[in-house]
Amino acid sequence: MVQRFVSRIKICIFAPRYENKHIKYIIMALKCGIVGLPNVGKSTLFNCLSNAKAQSANFPFCTIEPNVGVITVPDERLNKLAELIHPQRIVPTTVEIVDIAGLVKGASKGEGLGNKFLANIRETDAILHVLRCFDDDNITHVDGSVDPVRDKEIIDYELQLKDLETIDARIAKVQKQAQTGGDKNAKMTYEVLSRYKEALEQGKAARTVQFETKDEQRIARDLFLLTSKPVMYVCNVDEASAVTGNAYVERVREAVKEENAEILILAAKTESEIAEFDNYEERKMFLDELGLEESGVSRLIRSAYKLLDLETYITAGEPEVRAWTYRKGSKAPQCAGIIHTDFEKGFIRAEVIKYEDYIALGSEAACKEAGKMSIEGKEYVVQDGDIMHFRFNV
């Protein structure tokens, strides 16, 4: 039987390992935080994503502690390669989803446990902002009516206020040194802070401010501002609107058209029904009836992966077929270093086969014989789906 491992994007040196008799999970951390006002469908969506049982109830703050779920990034390429190679195990990559309790007005000042919630957001790499885009008299809205644009602006405002508080505190520390001293770093830091302050005071997110130099980008990144994180707006609609959306969704599109953000239409309640099907064929029939090619959950996971500007290369052999996550635009040595730092230090070359060629020809040997294996050096920019073997010497 093929073993299935779950490998996660590593931002820590060490990570704990959890096992059951069927699956081994190597736990590392890449987090997307689900945020939104109370009762917009966050916990329902989280349950669909992770199969966890976060409490879902018709009142605010039913999720006090953030729930965490580990979700495999769907990648049919791994299964196709496994059919050809018959490896001992398959190792997909995953994203960690954190369900954060609903924010309310005044969260930036501590209202409704706001400080705790905002701290949970700060620890994530990207934000999945759930907006209620459906009518249902049986589900109370915290503000009394359905208005996704207003809801979005409430949370934007709270996050911006918190970021402005952070910026003002930092400016107070560096302003004098930047204006009177000869410290170039202090001066650059002050300029970065000033640009952020100007944008935030205009009601804009920090992510709308772009910096050209690497030093400026480093300073900006080290501020860990809430509104600098990439964001996806998840429009939670009724079942009838799952394919085409509705008027609420169109209002959201108009409101965010100038933002660097993505929109995903999803019916969380319907997704919970889809998740109940264990049989693939039954699930496929249900999706066909709804006019959907795949579940919204699958689309969300892939979109979240893309949101973080991530891609996948693959290593393939009899021991394992494995997906490795890298930042889009990375070169071969940096991607080799994801496997082990020695691979990057002693990088010699990369042997690369395109996924489509491997599937068409059926094996690595056939690809070599057909001249479909390329030898790439240090300047090669890795492409999504590349099947790679690294040569190195330390």
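Shown above is the structure to which this text applies.
A short tour of the structure in this document, coming up.

Rules used throughout
Residues numbered from 1 in each chain as written. Predicted model: local features only at pLDDT ≥ 70, side-chain atom pairs only at ≥ 80, totals over all residues. Heavy atoms only, no water. Helix = DSSP H or I, 4+ residues; strand = E, 2+ residues; numbered from the N terminus. Buried < 20%, exposed > 50% of the residue type's maximum accessible area, 1.4 Å probe, protein only. Contact = heavy atoms within 4.5 Å. Areas by Shrake-Rupley, 256 points an atom, 1.4 Å probe, with all protein chains shown as cover. Core = buried A, V, L, I, M, F, W, Y, C linked by side-chain atoms within 4.5 Å. Patch = residues over 30% accessible without salt bridge, like charges linked within 9 Å, V, L, I, M, F, W, Y side chains within 5 Å. Salt bridge = Lys/Arg side-chain N within 4 Å of Asp/Glu carboxyl O. Lys, Arg positive; Asp, Glu negative; His and termini not counted. Charge placed at Lys NZ, Arg CZ, Asp CG, Glu CD. Axes fitted to C-alpha atoms, helices over the stretch in contact; angles between N-to-C directions. Left-handed = near helix turned anticlockwise from the far one by under 90°. Nonpolar A, V, L, I, M, F, W, Y, C, P; charged D, E, K, R; others polar. 1 Å grid on protein atoms, 1.4 Å probe; cavity = no way out; pocket = protein on both sides within 12 Å on 5 of 7 lines; lining within 4 Å. Points joined across faces, edges and corners; volume = space filled by probe spheres on them. Polar contact = N/O pair within 3.5 Å; in protein donor to acceptor, adjacent residues only side chain to side chain.

**Points about the overall build of the protein chain**
Stage number 1. In terms of helices and strands, the protein chain carries 14 helices and 15 strands.
Stage number 2. Here the protein chain holds 394 residues, and the buried ones make up 48% of them.
Stage number 3. In the protein chain, 68% of the contacts between residues at least 6 apart in sequence involve partners at least 24 apart.
Stage number 4. Summed over all atoms, the accessible surface of the protein chain reaches about 20,200 Å², with 49% contributed by carbon and sulfur.

**Let's talk about helix 11 (residues 332-339)**
An α-helix turns once every 3.6 residues. As a result, residues three or four positions apart point the same way.
Stage number 1. Looking only at helix 11, the buried set comprises Ala 332, Pro 333, Cys 335, Ala 336 and Gly 337.
Stage number 2. Taken together, the buried residues of helix 11 touch strand 11 (310-316), strand 12 (320-327), helix 12 (341-345), strand 13 (347-353) and strand 15 (387-392).

**Here's the deal with the nonpolar core**
Stage number 1. Ranked by internal contacts, the top residues of the largest apolar core, which has 52 residues, are Leu 45, Leu 49, Ile 97, Leu 128 and Leu 300.
Stage number 2. The greatest single-element share of this core, amounting to 6 residues, is contributed by helix 10 (residues 296-307).
Stage number 3. Contacts of Leu 45, omitting those with residues within four sequence positions, involve Ile 34, Val 130, Val 234, Leu 266, Ala 268 and Leu 300.
Stage number 4. The next biggest cluster of nonpolar side chains, apart from the first, holds 19 residues, and it includes Ala 199, Ala 220, Leu 223 and Leu 225.

**So, a negative patch on the surface**
Stage number 1. A grouping of Asp 135, Asp 137, Asp 238, Glu 239, Glu 273, Glu 276, Asp 278 and Glu 282 is seen on the molecular surface, where their side chains present a negatively charged patch.
Stage number 2. Its place among the elements puts Glu 273 in helix 8 (residues 268-275).
Stage number 3. Given the relative accessible area of 34%, Glu 273 is considered partly exposed.

**Some thoughts on the packing of helix 4 (residues 148-180) against helix 5 (residues 184-201)**
Stage number 1. Here helix 4 crosses helix 5 at 150 degrees, and the two axes come no closer than 9 Å. Between helix 4 and helix 5 the crossing geometry is left-handed. Across from Gln 160, Asp 163, Leu 164, Ile 167, Asp 168, Arg 170, Ile 171, Val 174, Gln 175, Gln 177, Ala 178 and Gln 179 in helix 4, the residues of helix 5 making contact are Ala 186, Lys 187, Thr 189, Tyr 190, Leu 193, Tyr 196, Lys 197, Leu 200 and Glu 201.
Stage number 2. In terms of residue class, the contact of helix 4 with helix 5 is built from 10 nonpolar, 5 polar and 6 charged.

**Here's the deal with empty space enclosed by the protein**
Stage number 1. Applying the stated rule across the entire model yields 1 cavity of 30 Å³ or more.
Stage number 2. If you add up the space inside the largest cavity, you get close to 70 Å³.
Stage number 3. Surrounding the largest cavity, Val 35, Ile 127, His 129, Ile 155, Asp 156, Leu 159, Gln 160, Ala 205, Arg 207, Thr 227, Val 231 and Tyr 233 form its lining.
Stage number 4. Examining the composition of the lining of the largest cavity, we find that 4 residues originate from one element, helix 4, more than from any other.

**What to know about the pattern of salt bridges**
Stage number 1. Using the criterion set out here, one finds 19 salt bridges in the structure.
Stage number 2. Between Glu 250 and Arg 253 there is a salt bridge whose closest N-O contact spans 3.4 Å. You can see Glu 250 and its partner Arg 253 sitting in helix 7 (residues 247-256), 3 residues apart, about one turn around the helix.
Stage number 3. Taking the relative accessible area as the measure of exposure, Glu 250 reaches 43% and is therefore partly exposed.
Stage number 4. By relative accessible area, which is 35% here, Arg 253 ends up partly exposed.
Stage number 5. The partner of Arg 322 in a salt bridge is Glu 320, with the nearest N and O atoms 3.6 Å apart.
Stage number 6. On the basis of relative accessibility, which here comes to 16%, the residue Glu 320 falls in the buried class.
Stage number 7. Connected through shared salt-bridge partners, Asp 75, Arg 77 and Asp 384 make up one network.

**A few points about the environment of Arg 132**
Stage number 1. Positionally, Arg 132 belongs in strand 8 (residues 126-132).
Stage number 2. Sequence spacing of Arg 132 and Pro 38 is 94 residues, and the spatial spacing of their C-alpha atoms is 9.8 Å.
Stage number 3. A distance of 3.2 Å separates the side chain of Arg 132 from the backbone oxygen of Phe 134, its partner in a polar contact.
Stage number 4. Among the polar contacts listed, one links the side chain of Arg 132 to the backbone oxygen of Asp 136, at a separation of 3.1 Å.

Purely spatial values, then, with no claim about function.
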